[in-house]
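Here are the chains, one letter per residue:
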Amino acid sequence: MREVVIAGVGIHPFGRFPDKDYRDLGREATLMALKDANIPWNDIQVAYVGNVMAEMTKGHQVLQYFGQTGIPIINVENACTSGSVGMWAAMNSIQNGQYDLALVLGVEKAPKGMIANCGYDRWQMYTGTGANPAHFAMQTKETMWEHGLDKSHLAYISILNHRNGVKNPYAMYQKECTAEEVLNSPMVCDPLTLLMLCAPNEGAAAAVIGTKEAVAKYTSKYVTIAALAFLTKTPADSIFPDFSVPIGTDLVNITTRVSALAYETAGIGPDDLSLIEMQDTDSGSQIRDMVQAGLIKPGDVARALADGDIAPTGRIPVNVSGGLLSKGEPLGASSMGQVVELTWQLRGDAGPRQVPGAKAGAGHTLGAAGNSCFIILKN
Amino acid sequence: MSNEIKVLKEGLFKEEDGKAVLLLGHCLVCGTAFFPERPFCSRCGSDQIEQVSVSDGKLYSWTTVIHPSQENKMALPYGMAKVDFPDHKIRITGVSTETDSEKLTRGQDMRVVVAKAYEDEDGKDVVTYMFQPVEEGK
Ligand SMILES: [Zn+2]
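Residues numbered from 1 in each chain as written. Chains lettered and ligands numbered in written order. Predicted model: local features only at pLDDT ≥ 70, side-chain atom pairs only at ≥ 80, totals over all residues. Heavy atoms only, no water.

Things to note about the coordination of the zinc ion
Residue and element names in this part refer to chain B.
Move 1: Coordination of the zinc ion by the protein is provided by C27 (SG), C30 (SG), C41 (SG) and C44 (SG), with metal-donor distances spanning 2.3 Å.
Move 2: Each of the four donor atoms around the zinc ion contributes to a set of angles spanning 103 to 117°, which defines the coordination as tetrahedral.
Move 3: As a motif over one chain, the donors of the zinc ion read C-x2-C-x10-C-x2-C. With C30 in the loop between β3 (19-27) and β4 (33-34) and C44 in the loop between β4 and β5 (49-54), this residue pair connects regions lying 14 residues apart in the sequence.
Move 4: Since its relative accessible area comes to 40%, C44 is described here as partly exposed. (Donors = N, O, S within 2.8 Å, 3.2 Å for Na, K, Ca; no water. Tetrahedral: all angles 85-135°; square planar, octahedral: opposite > 155°, others 65-115°. Helix = DSSP H or I, 4+ residues; strand = E, 2+ residues; numbered from the N terminus. Buried < 20%, exposed > 50% of the residue type's maximum accessible area, 1.4 Å probe, protein only.)

Okay, here's the thing in structure tokens:
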């Protein structure tokens, strides 16, 4: 299999931009990625565009603006993993020898409030059981019981990610918050308060990827995709819109499965990572996923949080970009946002957020109906 | 005069000997149970499915929803819960009749009831399954 590298990345800030169309967001991120890679649009051979909510042929609408070069443009919708699934498909087509250079874009313009059309049946929606935060809230309670945690631990994740976001000019909330502010912000679904949940918003992020040989003709500052695993759920994963899960099954949860596959492919384990970007849809999800991805041992969560293991200077910095809690979540773009951050970190281009000497970084995404991706980059 | 009754969705639940039960699928090949029932096993894909039912379980987790969501017709706030039914090794999500989270305890006895969820546009009471705490001595 051919080695695939990231030649360049681009991003449009995550936030709310009432005067901009999704096309504007996508084009800005794409142009920045092409420029960063020093690769002209005319040399791109295939493009994958992750998006959840925009119209028919959204990728075409964004990209044909740069020139109708006749290449395949594939629109990808896999909930919050749309961008990384596009990346996975693009990587496969390069590994398999079909193409040498590809563009991957994630773009979204999501409205405020709870996300609609997540795959629930009408009976679930009519009875209010299609409210995603309620499912996150119950999962969070389960995580707290499992690891002996209280509300202060949930608040800590929000505080840490918001503090990290202060240093990220592409984040929506570049403002610190205190434990009091987190715990006293409006209750959404107990135990989750408003500041413990990420906000759906707008943004775009892109990467130009290719074989090392093809990319080396344009730039020398590429980073390598050591692994990108993509899996869907089994009955063991309690992920909406499913309403039942078998108890006491021998099936393994999706984050453990997808991260193990990536670790094995990359030959890089959780202890070798310099940093990781995780899908902090809510504070509880980040805690659960850190354990399931092997970053913190099950009995060690409270100690790890208290000792700053996941802080930027800790053993395994998590969400140094600010995560979705500070950046907001533009569904189709959020996973490509992780790729942009990881690429900058591994190139030493992350400015005030730089993790010194970062050598390997990972990104984890988890979406509705049980989609999960785990990417590992190395320099 | 009470309104005409309409069932939220056929096949989710029924009344059996005056008792409300949820209708599950149970795979005769691998033993996995799933709700709602469907023609293929969620784990192994077999079509050897029998219908089984559950009514008494233990509370696993819960929350209270106080904000509106798209298409919701329930009055706010309303409870949601996951209840374990050990007989068929299954955990099921649904509406809870208890809207005060503080009143609930992990592992407490819960039973399935059929109750009004909301009044439809045509004035009918739409009923669905809900989880209700079992009061002591009842
Ligand atoms: Zn089966």
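Looking at unusual backbone geometry
Residues and elements named next belong to chain A.
Move 1: With omega at 10°, the peptide bond leading from D190 into P191 counts as cis.
Move 2: You can see P191 is positioned in the loop between β5 (187-189) and β6 (192-193).
Move 3: Cis geometry marks the peptide bond from F240 to P241, where omega comes out at 10°.
Move 4: Tracing the sequence through the fold places P241 in the loop between β8 (223-232) and β9 (244-246).
Move 5: One non-glycine residue, T57, adopts positive backbone phi at about 55°.
Move 6: Secondary-structure assignment places T57 in the loop between β2 (46-50) and α2 (58-63).

Describing the pattern of salt bridges
Residue and element names in this part refer to chain A.
Move 1: For the coordinates displayed, the defined rule picks out 32 salt bridges over all chains.
Move 2: The salt bridge involving E202 is made with K109; its shortest N-O contact spans 2.8 Å. Linking E202 in strand β7 (residues 202-211) with K109 in strand β4 (residues 101-109), this pair joins segments that are 93 residues apart in sequence.
Move 3: The residue E277 makes a salt bridge to K327 at a minimum N-O spacing of 3.8 Å. Within this pair, whereas E277 is found in strand β10 (residues 275-277), its partner K327 is found in helix α12 (residues 323-327), the two being separated by 50 residues in sequence.
Move 4: Put simply, D300, R303, D307, D309 and R315 are held in one network by salt bridges that share partners. (Salt bridge = Lys/Arg side-chain N within 4 Å of Asp/Glu carboxyl O.)

With respect to the domain arrangement of chain A
Residue and element names in this part refer to chain A.
Move 1: Taken as a whole, chain A is organised into domain 1 (4-112 + 203-223) and domain 2 (122-197 + 226-378).
Move 2: A separation of 24 Å is found between the C-alpha centroids of domain 1 and domain 2.
Move 3: With 40 residues of domain 1 in contact, the opposing surface of domain 2 contributes 34 residues.
Move 4: Of all residues in domain 1, F14, C80 and V223 give up the largest surface area on contact with domain 2, accounting jointly for 26% of the area buried on that side.
Move 5: Along the contact surface separating domain 1 from domain 2 lie one salt bridge.
Move 6: Close ionic contact of R347 with D36 constitutes a salt bridge, the shortest N to O distance being 2.9 Å.
Move 7: Our count for the contact surface shared by domain 1 and domain 2 stands at seven residue pairs in polar contact (both at pLDDT 80 or more).
Move 8: Looking at the side of domain 1 that touches domain 2, the element that brings in the most residues is strand β1 (residues 4-15), giving nine residues.
Move 9: Here the side of domain 1 that touches domain 2 is built from residues that sort into 24 nonpolar, twelve polar and four charged. (Domains from an automatic or database assignment. Contact = heavy atoms within 4.5 Å. Buried area = accessible area lost by both parts, 1.4 Å probe. Polar contact = N/O pair within 3.5 Å; in protein donor to acceptor, adjacent residues only side chain to side chain. Nonpolar A, V, L, I, M, F, W, Y, C, P; charged D, E, K, R; others polar.)

Some words on the sheet that holds strand β12 (residues 371-378) of chain A
All names here are of chain A.
Move 1: The nine strands lie next to each other as β3-β2-β4-β7-β1-β8-β12-β11-β10, forming an open sheet whose pairing is mixed. Each having just a single partner strand, β3 (73-76) and β10 make up the two edges of the open sheet. Averaged over all pairs of adjacent strands, the angle between strand axes in this sheet comes to 20°, irrespective of strand direction.
Move 2: As judged from the four bridges shared by β2 and β3, these two strands associate in the parallel manner. Bridging from a neighbouring strand, Y48 pairs with I74 of β3.
Move 3: Against the sheet, helix α3 (residues 82-95) touches β1, β2, β3, β4, β7, β8, β11 (360-367) and β12, its axis set at about 115° to β8. (Pairing = 2+ DSSP bridges. Axes fitted to C-alpha atoms, helices over the stretch in contact; angles between N-to-C directions.)

Remarks on the pairing of strand β2 (residues 13-16) of chain B
Residue and element names in this part refer to chain B.
Move 1: For β2 and β3, the ladder comprises four bridges, and the chain directions are antiparallel. Along β3, the bridge assignment pairs E15 with A20.
Move 2: Linking β2 to β3, which pair antiparallel, is a turn of two residues; within it D17 sits at a positive phi near 55°.

What about the nonpolar core?
Generally speaking, soluble globular proteins have nonpolar side chains that are buried together.
Move 1: Counting 95 residues, the largest nonpolar core has L273, M290, L295 and I376 of chain A together with L22, Y129 and F131 of chain B as its most contacted members.
Move 2: When residues of this core are sorted by domain, at least three fall in each of domain 1 (4-112 + 203-223) and domain 2 (122-197 + 226-378) of chain A.
Move 3: By size, the runner-up hydrophobic cluster in this structure holds 39 residues, among which are L228, A350, V355 and C373 of chain A. (Core = buried A, V, L, I, M, F, W, Y, C linked by side-chain atoms within 4.5 Å.)

Structural notes on the layout of surface pockets
To find leftover empty space, one rolls a probe the size of a water molecule over the atoms.
Move 1: The calculated volume of the second largest pocket comes to roughly 290 Å³.
Move 2: In terms of lining, the second largest pocket is formed by 19 residues, of which the most central are D242 and F243 of chain A together with F35, P36 and R38 of chain B.
Move 3: Broken down by element, the lining of the second largest pocket gets its largest block of residues, three residues, from β9 of chain A.
Move 4: Per-class residue counts for the lining of the second largest pocket are ten nonpolar, four polar and five charged. (1 Å grid on protein atoms, 1.4 Å probe; cavity = no way out; pocket = protein on both sides within 12 Å on 5 of 7 lines; lining within 4 Å. Points joined across faces, edges and corners; volume = space filled by probe spheres on them.)

Focus on helix α5 (residues 132-147) of chain A
All names here are of chain A.
Move 1: With 16 residues, α5 should cover 22 Å at 1.5 Å per step; its first-to-last C-alpha distance of 23 Å lies within 8% of that length.
Move 2: Counted residue by residue, α5 has 14 buried out of 16 residues, so it is predominantly covered.
Move 3: G148 occupies a position one or two residues after α5 and carries a positive phi of about 65°. (Expected span 1.5 Å × (residues − 1).)

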